[in-house]
Amino acid sequence: MSSPASTPSRRRGKRGRSSNPPTPQDARSPPSQKRRADDSTSTGELQPMPTSPPVGTQSPAAREALFSSPTQFRHSAIPIDFDISSPLTYGTPSSRVEGTPRSGVRGTPVRQRPDLGSVRKARQVDLHSEGPAEDVATEQSLGQKLVIWGTDVNVASCKEKFQRFLQRFIDPLAKEDEDIGLDLKEPRYMQRLEEINMVGEPFLNVNCDHLRSFDENLYRQLICYPQEVIPTFDMAANEIFFDRYPDSILEHQIQVRPYNALKTRNMRSLNPEDIDQLITISGMVIRSSQLIPEMQEAFFKCQVCAFTTRVEIDRGRIAEPSVCKNCNTTHSMALIHNRSMFSDKQMIKLQESPEDMPAGQTPHTVVLFAHNDLVDKVQPGDRVNVTGIYRAVPIRVNPRVSNVKSVYKTHIDVIHYRKTDAKRLHGVDEETEQKIFAEERVAILKELSKKADIYERLSSALAPSIYEHEDIKKGILLQLFGGSRKDFTHTGRGNFRAEINILLCGDPGTSKSQLLQYVYNLVPRGQYTSGKGSSAVGLTAYVMKDPETRQLVLQTGALVLSDNGICCIDEFDKMNESTRSVLHEVMEQQTLSIAKAGIICQLNARTSILAAANPIESQWNPKKTTIENIQLPHTLLSRFDLIFLMLDPRDEAYDRRLARHLVSLYYQSEEKMEEEYMDMAVLRDYIAYARSYVNPRLSEEASQALIEAYVDMRKIGSGRGMVSAYPRQLESLIRLAEAHAKVRFAHKVETVDVEEAKRLHREALKQSATDPRTGIVDISILTTGMSATARKRKEELAQALRKLIQSKGKTPALKYQQLFDDLRAQSDTAVTKEMFEEALRALADDDFLTVTGKTVRLL
Amino acid sequence: MPCVADWLNNPFSIVQGIFAQNVPNSDWEKKVTEYFKEKLKENNATNWVPSLNDVPVHYLKPNSLVKFRCMVQDMFDPEFYMGVYETVDPNTNTRVLHFGKYRDVAECGPQQEIDLNSTQTVTSERQTFYCVPVPGESAWVKEISFLPDASQARVSPSTSYTPSRHKRSYEEDEDMDLHPSKQKEQHIGNSSGGDIHGCVEPKRLETEASAGHHLISPNCSPPLDLNFPLPGEKGPACLVKVYESWDSFKVNDVLEVYGILSVDPVLSIFNSEESSALDPMECMDTAEEQRVHSPPASLVPRIHVILAQKLQHINPLLPACLNEEESKTCEYLNLTSLFVSNFMSELSPVRAELLGFLTHALLGDSLAAEYLILHLISTVYARRDVLPLGKFTVNLSGCPRNSVFTEHIYRIIQQLVPASYCLQMTIENMNHSRFIPHKDYAANRLVSGVLQLASNTSLIVDETQLEQGQLDTTGVHNVTALGNLITWQKVDYDFSYHQMEFPCNINVLITSEGRSLLPSDCQVHLQTQVIPPNMEEYMNSLLTAVLPSVLNKFRIYLTLLRLLDYSISDEVTKAVEEDFVEMRKNDPESITGDDLHRTLLVARFLSLSAGQTTLSRERWLRAKQLEALRKARLQQQKCVNGNEL
């Protein structure tokens, strides 16, 4: 085959409007092209190629057409003048020869862009063959009519527009963190070019979103005709660059890499209309192939006369010259491997991310081809956003048979990767975490947040099938929102934990596991493990040897995986000591340090922990104190912000409500469930929105209230069997108050928030029902809800007793029984021995008397 | 019936006709579906369509209409194909339009070439499902579906094939079930070498297969793993190409598809070494992936679906159209409602008989039999956030140890339900079998596991087999998965980088000696009244004693009641509340929320089992009574054990 310079005349004249004639690739290739001296690896693979039958069984039209993309997606197909020296062919060797303005002059080699695939075979049509060029063919400096066939892209104006974009675009929404070291007031991409000049990496990443806000039409063209528009962009960028930095030496010319095409789709919604368009999809890399040397250009030598010729690979096929042009010997041409050109290529399988998948279906996968330096940029397991061109290629059943499998193979030629979780291991990256909410959705959420009872509403929307336990639900709700993240790194204290940890502890059968399951299902990044089944390794991370590559790979465990999410640990009490100990670091520092098998690292594990444990005797022992019942080390307990006791209350009203609730479960209609499901979606969005956009700060009054609360806690907490207060508890209170403010979408923490935090903290441990002296939770108080009156009566009795004693005058000691009888006689209600004893104890607390054996001494 | 033969034997001619008439617009696709829908509505028309479940694939005519009852095991990526294409004859330059729908290969005449640049070309999308026969399908389902009278009317595509399945006795099938091999796969494999449509004596194939099947163990990979969820499954696996509304189908759905069978040998050649070396586009798949995604058509035929419907049940005794109505609003078709009401009228004698039958099967324990009925009609009817409602896992404790008791129970249940599987819970089994389906990224498919079962499959877990021993990691995972299945009715499929939850609806019955180590909703301790000297004989006589017609009634009973709707009136709600509060007052220990939960479940199924769709006071009391009896037994058992200690 000859060089494309001669192609226009060679091209077949008549062609269907939508036909898609690829120009054969140029025979010469740029010197920069990678030359694989060592082709021992490729030999085996390429061996059969020369023996492949000359494709002459078909007409060239059919053959070429077979490998061109399906064409019916082209909308307006008006063939226009084809010109090989036009900038369209920029990037091909021929353009280098003919000299693209400026770029070639500097001697910077061009590099082929296999990612754009058939760009060199761009759809350009000889105007002479088909007349009506309604599109205004523009006069170019070169004196040629230039427009890209099949598109409405006018090369000159496209180039000009893009140059304007590069020179003028200032991102109005730019944030510091994304562009470190960029002056936001200056044109953004000019600074990028400067960076290229300094760093020498000739790639210019262009955010399509920026382009869209700058020029909607240009953006549309880019999306629809990427393989024509991107080379134009390349050229534009290079012209500007070499204009500015004429002395800059780059490995090859700058290549523009667009990313973040707004047509970001999930894999499932890809359809035939997307073929040959620029798309951005997200997913997870599941497999990557070895590097494949792809032949770009085959080198043939005549065995008879040593005449050499080069043949471009046309979509993976070598058109072996059957006749030597020089000596006219047939079948004398032999392939010389080490003079052929190869480029790197890699096949990658991308699987759709679990979040995008409808329930009950298996994930879809898509094949990606990465070229040149994009090879080996991603590893299996990476979450990436891929920008590329979607392709479809027909499959030939058998080269000898004209039947074609009626199926196309699809793949994406990668232009740009953006790892979504790369930064997760390094630092806070709110950018990628932030979900974009539709405006109406935000309006709905804001509307919701204004409701006075939003807190109650949300908490009741949480796990509606689980009965009551309002406070626990509230606690979990606050956990879902989390506190505000504070960074004190510059003062040397590091990050403050914003996540709230909760321990549920209580009788079996109080639906602890159900709550955990619910939370796990609700949050996007939740993990569920059972204490019994997990080892320290499973929670943290482990190093394993990849069976294929023999490479050491760090596999992350549940805690790391739930970074920025919630890790639910069931059967916390059954977890063994060593496993539990890894939690210490996670629960306060929010990091995980790993030192094993030559890998030493610190991983972020900013996870909230929701743990469930049974009391030590599996049933709550009311005769024991809280601490005795839980029996977890202090060090760990203090790291939980809230420790909820879930006890099985026994009282009539409760039973009645429970019964009604359960019965309703059994006949509720489907529609109502649908409704509730909606609620769950709203709840999820509400939480996501609050987490990413609301960051409340403490107000003055709130701080004051917090201080008081803490001091109070210290006072009470000294009693036996209580979970005592540490500075950590103060931090907990702050977090809870912040979370509560978040629920209201408020940006200031008010006193109400602190009040609720205090209440919840107290409720959690049933401290209102705990005897501060003995530390025993009084279940009867708890369930009858009589605690307030009971306490009052107790106080009255104590006062009565005090009066009685005082009325007896100055006696240093009294007989116990005597006093009891007197009190009974005096009182108009029945006084039990217990009540009497309690009254005595209360007085003893006030240092009014002491009880020793059977005598009561006054002090 | 020339017309019948036409649309059955050569559906392409019909499609071509419709296509030719309507060619410029895309209406033809709709019309094709309409046409076949109409055809299949005619009485008994569905019976004429040969079924892949019944007839081995090599007896079926390629490109004829077939039906297949299957479960979606895996979903492959969607594929783009040429919906319409044009061929051109280079000599005469005549252009012809063709349709690519329902085809794997874009065909063209010997002198023609496909013009891929044609403006007429339409690219469309279709989805491929990898389907396997419903796992654990009972033999009777097949027998009744393909009764001789039905198959006589069938247009036998191959004269040499006389349907022999219905002649094979049940025992033989049973025997084959027990052998952990894939006979069908193998003898198809054997024949695939030469004559796909050839007329080989079925007898010979069968003997060959039985000779060979000892060599293949279930775990080492046979020539091609057809990926059946259960070991020892047979029957064809199929690549089902769905053309419309594929989003509505899910993994593990049971489908009945009518479509065009494609066994073009070209499909097998396609992945041969030679072509893959030539076409570099091929290299994007690994060899393994190719094997899985385009297996030889003789082994895994393709069906191009014209009509597909989800099945609510696979019981051939019930009209399939029960599932027409989505909301179960009792708007059955006339015929169906007649059927239902007829059956409902004679419900109580059937129930009584069934109870008697099961009582005998459970060695004279009527309480356990009662619970077994409740268990068999239980189904997850809704999910409230994570909580599945309506599951009723029964743990039958007190089963005689190391006896064949469970096996016999399984045999009996097999006779009653359309799909079932008995899981031997031995240490060996737990450690070595694959319970959880996992994604094999190399081959890009979901490798099936025992727990990948269709809805309403009965899973009998035989814990009496369990000995002391060590579970390894796989074992622990398997037990956990089993536990999750029971508690949450979901299985977390392993996608190696993450897990994905697949809800399921499986009735689990656990037989154990003491309390099972697996969670269960309800434990019934077996109290045997009779101890037959020879269990084998006893059970056999029991099975032979029951008339086939009665057995069929049992089958209808169990399937039908599962689909009924149910509600509780406000009145009864109040009464239940009162009752609960009262009981709690007397003795808070006696009844907890969980107990109430269970009693409500029992009441639900008890009402349904009597054909009542609302809870009545009597049923509630009866449920309480049953529960009390059951608990008393457990208590008693505890005492006995305590004394022994």
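What you are looking at is a predicted structure, and each value in this text was computed from that prediction instead of being measured. (Residues numbered from 1 in each chain as written. Chains lettered and ligands numbered in written order. Predicted model: local features only at pLDDT ≥ 70, side-chain atom pairs only at ≥ 80, totals over all residues. Heavy atoms only, no water.)

Enquirer: Teacher, can you tell me more about the environment of S593 of chain A here?
Expert: Residues and elements named next belong to chain A. Residue placement: S593 occurs in strand β22 (residues 591–596). On a C-alpha basis, the gap between S593 and A605 in space is 9.8 Å, while along the polypeptide they are twelve residues apart. Among all residues touching S593, those that are not within four sequence positions of it are E585, C601 and Q602. (Helix = DSSP H or I, 4+ residues; strand = E, 2+ residues; numbered from the N terminus. Contact = heavy atoms within 4.5 Å.)

Enquirer: How do you make sense of the pattern of salt bridges when you look at a structure like this?
Expert: Working definition: two side chains of opposite charge can pair if their charged atoms are close together. Residue and element names in this part refer to chain A. Applying the stated rule across the entire model yields 31 salt bridges over all chains. For E216, the salt bridge identified is with R212, shortest N-O distance 3.9 Å. Residue class for R212 comes out partly exposed when judged on its relative accessible area of 27%. A salt bridge links D413 to R391; the shortest N-O distance between them is 2.9 Å. Of this pair, D413 sits in strand β14 (residues 404–419) while R391 sits in strand β13 (residues 383–396); the two residues are 22 residues apart in sequence, bridging distant segments of the chain. (Salt bridge = Lys/Arg side-chain N within 4 Å of Asp/Glu carboxyl O. Buried < 20%, exposed > 50% of the residue type's maximum accessible area, 1.4 Å probe, protein only.)

Enquirer: It is not clear to me how the sheet that holds strand β24 (residues 608–613) of chain A should be interpreted in this structure. Could you clarify?
Expert: Remark on secondary structure: sheet strands pair via backbone hydrogen bonds, oriented parallel or antiparallel. Residue and element names in this part refer to chain A. What the five strands build is an open sheet, ordered β18-β21-β24-β17-β25; its pairing is parallel. In this open sheet, the two edge strands, each paired with only one partner strand, are β18 (526–530) and β25 (642–646). Looking at each pair of strands side by side, their axes are set apart by 15° on average, direction ignored. Where β18 meets strand β21 (residues 566–570), five bridges bridge the pair, whose relative direction is parallel. In the strand pairing of β21, Y528 is matched with C568. The strands touched by helix α15 (residues 512–522) are β17 (502–506), β18, β21, β24 and β25; relative to β21, the strand with the most contacts, the crossing angle is about 155°. (Pairing = 2+ DSSP bridges. Axes fitted to C-alpha atoms, helices over the stretch in contact; angles between N-to-C directions.)

Enquirer: Whenever I open this one, the nonpolar core confuses me. Can you help?
Expert: Looking at soluble globular proteins, one finds that nonpolar side chains tend to be buried together. Residue and element names in this part refer to chain B. In terms of nonpolar packing, the biggest core is built from 79 residues, with F357 and L416 touching the most fellow members. Residues in contact with L416, not counting those within four places in the same chain, are W140, L354, F357, L358, L376, L551, F554, R555 and L558. Counting 59 residues, the second-largest nonpolar core is a separate cluster that includes V251, A297, I436 and L453. (Core = buried A, V, L, I, M, F, W, Y, C linked by side-chain atoms within 4.5 Å.)

Enquirer: Whenever I open this one, the environment of M430 of chain B confuses me. Can you help?
Expert: Structurally, the position occupied by M430 of chain B is in helix α17 (residues 427–432). Separated by 48 residues in sequence, M430 of chain B and N478 of chain B place their C-alpha atoms 6.3 Å apart.

Enquirer: Please explain the packing of helix α14 (residues 347–361) of chain B against helix α15 (residues 366–377) of chain B as it appears in this structure.
Expert: Residues and elements named next belong to chain B. At a minimum axis separation of 8 Å, α14 and α15 run at an interaxial angle of 120°. With respect to α15, the axis of α14 lies oblique. Considering only the axes of α14 and α15, their crossing is right-handed. Here R351, L354, L355, L358 and T359 of α14 lie close against α15, whose contacting residues are S366, A369, E370, L372 and I373. Broken down by class, the residue content of the contact of α14 with α15 amounts to six nonpolar, two polar and two charged. (Parallel < 35°, antiparallel > 145°, perpendicular 65-115°, else oblique. Left-handed = near helix turned anticlockwise from the far one by under 90°. Nonpolar A, V, L, I, M, F, W, Y, C, P; charged D, E, K, R; others polar.)

Enquirer: Would you explain the confidence of the model for chain B in this entry?
Expert: A low pLDDT score tells you not to read the predicted coordinates there in detail. All names here are of chain B. Of the residues in chain B, 78% reach a pLDDT of 70 or more, and the chain-wide mean stands at 75. Within the model, the stretch residues 269–284 combines pLDDT values under 50 with 36 contacts to residues more than four positions away or in other chains. Within the model, the stretch residues 323–333 combines pLDDT values under 50 with twelve contacts to residues more than four positions away or in other chains. Prediction confidence for the complex, expressed as pTM and ipTM, is 0.69 and 0.74 respectively. (pLDDT = per-residue confidence, 0-100.)

Enquirer: Is there a simple way to think about helix α9 (residues 216–224) of chain A in this case?
Expert: Each turn of an α-helix holds 3.6 residues, which means side chains three or four residues apart point in the same direction. Residue and element names in this part refer to chain A. Among the residues making up α9, those that are buried are L218, Y219, Q221, L222, I223 and C224. Packed against the buried residues of α9 are α6 (155–168), α8 (208–214), α10 (226–244), β4 (255–259) and β6 (278–288). Where α9 begins, the side chain of D215 points an oxygen toward the backbone nitrogen of N217, at a separation of 3.0 Å. (Polar contact = N/O pair within 3.5 Å; in protein donor to acceptor, adjacent residues only side chain to side chain.)

Enquirer: Is there a simple way to explain the sheet that holds strand β28 (residues 813–815) of chain A in this structure?
Expert: Residues and elements named next belong to chain A. Read from one edge to the other, the open sheet built from three strands follows the order β28-β30-β29, with strand pairing classed as antiparallel. If you trace the sheet from one side to the other, it starts and ends with β28 and β29 (849–852), each paired once. In this sheet, neighbouring strand axes are inclined to one another by 25° on average, regardless of whether the strands run parallel or antiparallel. The pairing of β28 with strand β30 (residues 855–858) spans three bridges and is antiparallel. Paired with L814 across the bridge in β30 is V856. Contacting β28 and β30, helix α28 (residues 816–826) runs over the sheet at an angle of about 75° to β28.

Enquirer: What exactly am I supposed to notice about the packing of α6 of chain A against α10 of chain A here?
Expert: The relative placement of two packed helices is expressed as an angle between their axes plus a distance between the axes. Residue and element names in this part refer to chain A. It is at 9 Å that the axes of α6 and α10 come closest, and there the two elements cross at 55°. What the angle tells us is that α6 and α10 run oblique. For the pair α6 and α10, the crossing hand works out as right-handed. Two secondary-structure elements touch here, α6 through V155, C158, K159, F162, Q163, L166 and Q167 and α10 through V229, T232, F233, M235, A236, A237, E239 and I240.

Enquirer: Could you clarify how one ought to interpret the packing of aromatic side chains in this entry?
Expert: To describe a pair of aromatic rings, one takes the distance between the centres and the angle between the planes. Taken as a whole, this structure holds 23 aromatic pairs over all chains when the rule is applied. Both rings, one in Y35 of chain B and one in F36 of chain B, keep their centres 5.4 Å apart while their planes meet at 85°; by these two values the pair is edge-to-face. Of the residues examined, Y35 of chain B reaches a relative accessible area of 26% and is grouped as partly exposed. Ring geometry for Y371 of chain B and F392 of chain B: centres 6.4 Å apart, planes at 15°, overall stacked. Highlighted residues: Y371 of chain B in helix α15 and F392 of chain B in the loop between β11 (387–389) and β12 (394–397), separated in sequence by 21 residues. Taken together, the ring pairs connect F162, F165, F169, Y189, F214 and F233 of chain A into an aromatic cluster. One residue, R126 of chain B, lies across the ring of Y81 of chain B, its end atom 4.5 Å from the ring centre. (Phe/Tyr/Trp six-rings, centres within 6.5 Å; stacked < 30°, edge-to-face > 60°. Lys NZ or Arg CZ within 6 Å of the ring centre and 35° of its normal.)

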